[in-house]
Amino acid sequence: MTDEHLAAYPALAERLQKRGINVEDVKDKLKKQHIETPSWGYGNSGTRFKVFAWPGAARNIHERLADAGYIHKLTGVAPSVAIHIPWDKTEDYSALRQEAQSHGIEIGAVNPNLFQDEEYKLGSVCNPSPATQEQALAHMIECCEIMEKTGSKLLSLWFADGTNYAGQDSVVDRKHRMENALRETYKHLPKGSRMLVEYKFFEPAFFTTDIPDWGTAYALCLKLGDQAQVLVDTGHHAQGTNIPMIVAYLLDEGKLGGFHFNARQYADDDLIVGTTNPFELFNIFHELVSAGDKAKDVAYMIDQSHNIEPKLEAMLQSVIHCQVAYAKALLVDRKALAEAQRGGDVLGAYRVMMEAYDTDVRPLLAKIRQEMGIDPDPIGVYRKDDYARRVAKERGVASGALGGFPG
Ligand code: PSV
Ligand code: MN
């Protein structure tokens, strides 16, 4: 299959050149793509019904770093890993940074965990109890300190805060508590770093959620300042929401900070990127490419929870799907698109998009991998390699995994 893709490359390159596409420029951009994988995607996780333990799933931060390094080695485009505190808590964060570097990667976004302490039953920063608000704030500040030590430039915030029943709490008081907590945390951000504010319309709260949508996150970030931007998790919207449209708007306002990529069929399913939504993903990348420099600081992160699938292969597939979507977006003939748009040629414009989307970019990706000095077929290598078998033997199968997250 790989040989087939490499053999198909010259014909594809010629066809693209004829369409006026600068293939060298496209290849250059693809080689510089950066997808961050999440430490929690390497461990056992599941639904609230059951966590099915996978042989060799990473059991601690050290194994998660090794796995993230392995995915980067196979793909060449996953040079950082996001951490979640306290799941990845350790004594010495400078040492953790060095350990990551020894695997060829850096520590990416730091995610405070504001949803698993007993005290957080009624919320973290929005909790009616001042003592719990303080506890949550202290944890966010602790994460800013971890950023300093690990060299991370991103504080990634998601709040499970909300209410389940009418009258449970004052929506406006909770809004003020959220604003105070973010304002205080903002003061502790390391120089040159950013705070990313993630939204999600429901779950675990089912009546109100304190940051339910991009508009709320955007309003909060506007009040905070330049270092605060919105994070779009592709699984956090109501059915039918046009995510590329949100992406375009936030990019133009300079308020798109980053992504949590995953796929979903129903709710926040956290499935492998691009499996249910390849066309949506393509359109998201199209907006990013169209935004040019305005997209230069966007952080591309994966946020998945693998329940029945092999963790490493799932992550690998996700990274590859991000490459495919980006490659296709780079092939959109922007001149022809602009012309069709100006002329009100609705279906002409659509066909320009489909010409790019329907292009088989696998030869292009095989070629860039070869030029980057890695194997053109990462999945093939993974399946032949002994890494997964070796860690399965060394780490074994976790016992006693029941339900919840992480297992
Ligand atoms: C919440 O559903 C979320 O998307 C947040 O990003 C969390 O940090 C992550 O999942 C892991 O629970
Ligand atoms: Mn997320």
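Residues numbered from 1 in each chain as written. Chains lettered and ligands numbered in written order. Predicted model: local features only at pLDDT ≥ 70, side-chain atom pairs only at ≥ 80, totals over all residues.

## Description of the overall build of the chain
Definition in use: Helix and strand definitions here come from DSSP, where helices need a minimum of 4 consecutive H or I residues and strands a minimum of 2 consecutive E residues; each element is numbered from the N-terminal end. The quantity called the radius of gyration is restricted to C-alpha atoms. Its globule counterpart is 2.2 Å times the number of residues to the power 0.38. Each residue is classed by its C-beta neighbour count within 10 Å, where at least 20 other C-beta atoms makes it buried, 12 or fewer makes it exposed, and intermediate counts make it partly exposed; the C-beta atoms are placed from backbone geometry. Note on contacts: residues are paired as contacts if their backbone-placed C-beta atoms lie within 7 Å.
Helix and strand content of the chain: 15 helices and ten strands. In terms of C-alpha radius of gyration, the chain reaches 22 Å, essentially the compact-globule figure of 22 Å for 407 residues. Principal-axis analysis of the C-alpha atoms gives the chain an extent of 65 × 60 × 40 Å. Within the span of the chain, comprising 407 residues, buried residues form 46% of the whole. Long-range pairs, those at least 24 residues apart, make up 78% of the contacts in the chain between residues at least 6 apart in sequence.

## Observations concerning unusual backbone geometry
Omega for the peptide link from Ile 85 to Pro 86 comes to 15°, which places this bond in the cis form. Turning to its location among the elements, Pro 86 is positioned in the loop between β2 (80-85) and α4 (93-102). Following Glu 203, the chain continues to Pro 204 via a peptide bond in cis, the omega torsion being 10°. Turning to its location among the elements, Pro 204 is positioned in the loop between β6 (194-198) and β7 (208-209). Locating Glu 203 in the fold gives a position in the loop between β6 and β7. Looking at Glu 203, the number of C-beta atoms within 10 Å reads 13, which means it is partly exposed. In this model, Asp 270 sits at a positive phi of 55°, which is unusual for a non-glycine residue. Relative to the helices and strands, Asp 270 resides in the loop between β9 (256-261) and α9 (278-290). The exposure class assigned to Asp 270 is buried, which follows from the 23 C-beta atoms found within 10 Å.

## Some details on the site of ligand 1
Worth spelling out the cut-off: Nearness here has a simple definition: the residue's C-beta atom, placed using the backbone, must lie within 6 Å of the molecule or strand. Polar here means any residue other than Ala, Val, Leu, Ile, Met, Phe, Trp, Tyr, Cys and Pro, which are nonpolar, and Asp, Glu, Lys and Arg, which are charged; Gly is therefore polar.
The immediate surroundings of ligand 1 are formed by Trp 40, Asn 111, Trp 158, Glu 198, Lys 200, Asp 233, His 260, Asp 268 and Asp 303. Residue composition of the shell around ligand 1, grouped by class: two nonpolar, two polar and five charged.

## Focus on α9
Condition: Given a helix with a known number of residues, its expected span is that number minus one, times 1.5 Å.
A rise of 1.5 Å per residue sets the reference length of α9, with its 13 residues, at 18 Å; its end C-alpha atoms lie 18 Å apart and thus fit the reference within 8%. Listed as buried for α9 are Leu 281, Phe 282, Asn 283, Ile 284, Phe 285, His 286, Glu 287 and Leu 288. Where α9 is buried, its residues contact α8 (243-252), α10 (311-330) and α12 (346-357). Backbone geometry just after α9 places Gly 292 at a positive phi near 55°.

## Considerations on the pairing of strand β8 (residues 228-233)
Along any regular strand, the residues point their side chains to alternate faces of the sheet. What counts is decided by this rule: Only when DSSP finds a minimum of two bridges between them are two strands counted as paired. Here is how to tell: hold the view so the strands point away, follow the path from the first strand over the helix to the second, and if it runs clockwise the crossover is right-handed.
A large share of β8 lies buried, amounting to six of its six residues. Judged from the four bridges that link them, β6 and β8 form a sheet pairing that is parallel. Bridging across to β8, Glu 198 finds its partner in Leu 231. In terms of strand pairing, β8 meets β9 through four bridges, oriented parallel. Of the residues in β9, the one forming a bridge with Val 232 is Phe 259. Between the parallel elements β8 and β9, the chain passes through α8 in a crossover that is right-handed.

## Thoughts on the nonpolar core
Filter applied, for reference: To define a nonpolar core, we join buried Ala, Val, Leu, Ile, Met, Phe, Trp, Tyr and Cys residues through C-beta atoms within 7 Å and take the resulting set.
Ile 71, Leu 155, Val 197, Ala 217, Val 230, Val 319 and Ala 327 are the most contacted members of the largest nonpolar core, which totals 104 residues. Once residues within four sequence positions are removed from consideration, Val 197 is found in contact with Leu 157, Ile 211, Ala 217, Leu 220, Cys 221, Ala 228, Val 230 and Leu 231.

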